[in-house]
Amino acid sequence: MSSPTTVERDKYVDWLRALSLIVVVVWHWAFTILQWKDGVPEPTSPLGFTSGLWILTWLLQVLPLFFYVGGHVHLLSWDRAKRRGTGIGAFVWRRIRALAIPALGLSGVWIAIGALVTWAFDVEWMGRVVLLVLSPLWFLAVYLVLIALLPVALYLHREYDVLTLVWLGGAALVVDVIRFRYDVEWIGWLNMLIVWGLAHQAGFFYDRLVALPRRYDVGVLWTGLFALVGLVYSGIYPGSMVGVPGDKWSNMAPPTFVIVALLIFQIGLVEVLRPSMERVLVKPGWSHVNDVINRFALPLFLFHTTGMAIAIGLSWWLFGSLTPQVPPDLWWWLERPIAIIGPLICTLPVIYLFGRRRTPAEQLQDKR
């Protein structure tokens with residue numbers, strides 16, 4: 001029999017967190033086009049060659065959702081840790097260590113491999129390969145900074161409540177004005193902290209949003225959608241929520257105020273879908289799938305570019321250097337569902353060797 005303090009896990013939160021990571025993985029596997037330019041591998045995207053496809057990124061660029069769910073989980077975990085007598089310093093350090101150790105371990109291994117291959121075989125482009133493999137970890141670095149700043153975020157939430165979101169949104173907009181109006185490009189990088197910090201801070205309001213009547217969920221969705229349309233068609237911001245070759249600016253590197261609108265839209269969307277998904281996720285089959293993907297989502301994300309690099313290396317070794325189809329033709333698009341098979345097969349052994357034991361991050365998730 002469960003104790004009075006036991007709180008049932010929110011299966012929908014688990015689903016959103018794992019799904020956001022898996023969407024990123026599948027996107028990288030299926031839609032990365034690797035070309036050789038000036039003797040080094042260079043990734044590009046089909047979005048640069050297909051008109052109108054950028055609209056799909058409004059649904060598939062799910063990092064705002066990941067940070068939003070992460071904020072909710074951190075607040076929930078902190079409340080429980082506080083009741084157990086854990087101090088904020090110990091709580092933050094444990095969270096940082098849980099994510100930093102596997103990420104730093106993976107980075108160290110790849111840097112060592114890159115240095116060894118470069119030294120032994122004089123492969124000048126190996127450093128570029130290491131950078132491409134490790135580059136998707138950028139958002140974990142931002143996530144770790146937000147965890148380190150959790151005491152500040154909790155203080156702002158306690159003292160100023162929703163006003164904190166207004167301040168962060170306003171700051172993100174001011175950064176964009178200075179960046180685009182006065183061509184001060186470097187200031188845009190402040191939004192790496194401001195925009196993702198806003199998404200994380202918004203997660204503190206998760207329970208309140210869930211408690212709102214359903215009609216408010218529809219209102220949030222339309223507010224975000226109208227904001228996206230207005231900002232994109234203002235002519236200032238690109239339509240894609242990921243970087244596209246040929247665009248003057250990217251909405252992601254660094255993030256722009258458009259990502260705030262995307263966050264609002266995605267929050268509204270997941271709340272509109274909540275009743276249906278909650279009914280689905282309590283079914284035994286779906287519940288099992290949810291448990292499995294939550295167990296493997298983080299290891300899969302950490303090692304997916306390693307598996308992808310192995311798959312590409314094996315393809316070159318077995319079939320010779322392959323010239324990608326640019327721009328992508330119909331056959332390339334039809335191949336996308338099977339394009340993930342090679343990287344997946346090559347990633348699974350890596351997870352088995354290095355990630356089969358439950359990571360500290362997974363153990364922390366079980367305690368929330």
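A few points on the structure. Keep in mind that what you see is a predicted model, and the values were worked out from it rather than measured.

### Topic: the environment of Gly-342
Phase 1: Following the sequence through the fold, Gly-342 ends up in helix α16 (residues 341–354).
Phase 2: Residue Gly-342 is classed as partly exposed on the basis of its relative accessible area, which comes to 30%.

### Some points on the nonpolar core
Phase 1: The biggest cluster of nonpolar side chains holds 91 residues, and the ones touching the most others in it are Phe-67, Tyr-68 and Trp-196.
Phase 2: When residues in this core are grouped by element, the largest group, eleven residues, is from helix α12 (residues 258–281).
Phase 3: Grouped together as the second largest cluster of nonpolar side chains are five residues, Leu-47, Leu-53, Val-242 and Val-244 included.

### Considerations on the pairing of strand β1 (residues 33–37)
Phase 1: Pairing geometry for β1 and strand β2 (residues 40–44), over five bridges, is antiparallel. Paired with Lys-37 across the two strands is Val-40, which belongs to β2.
Phase 2: Linking β1 back to β2 in an antiparallel pair, the connection comprises two residues, with Asp-38 at a positive phi of about 55°.

### Quick notes on the layout of surface pockets
Phase 1: Computed from the structure, the largest pocket encloses a volume of approximately 1,700 Å³.
Phase 2: Lining of the largest pocket is provided by 49 residues; of these, His-28, Pro-43, Leu-132, Ser-135 and Pro-136 occupy positions nearest its centre.
Phase 3: Per element, the largest residue contribution to the lining of the largest pocket is eight residues, and it comes from helix α13 (residues 284–319).
Phase 4: Tallied by class, residues from the lining of the largest pocket come to 36 nonpolar, ten polar and three charged.

Criteria and thresholds
Residues numbered from 1 in each chain as written. Predicted model: local features only at pLDDT ≥ 70, side-chain atom pairs only at ≥ 80, totals over all residues. Heavy atoms only, no water. Helix = DSSP H or I, 4+ residues; strand = E, 2+ residues; numbered from the N terminus. Buried < 20%, exposed > 50% of the residue type's maximum accessible area, 1.4 Å probe, protein only. Core = buried A, V, L, I, M, F, W, Y, C linked by side-chain atoms within 4.5 Å. Pairing = 2+ DSSP bridges. 1 Å grid on protein atoms, 1.4 Å probe; cavity = no way out; pocket = protein on both sides within 12 Å on 5 of 7 lines; lining within 4 Å. Points joined across faces, edges and corners; volume = space filled by probe spheres on them. Nonpolar A, V, L, I, M, F, W, Y, C, P; charged D, E, K, R; others polar.

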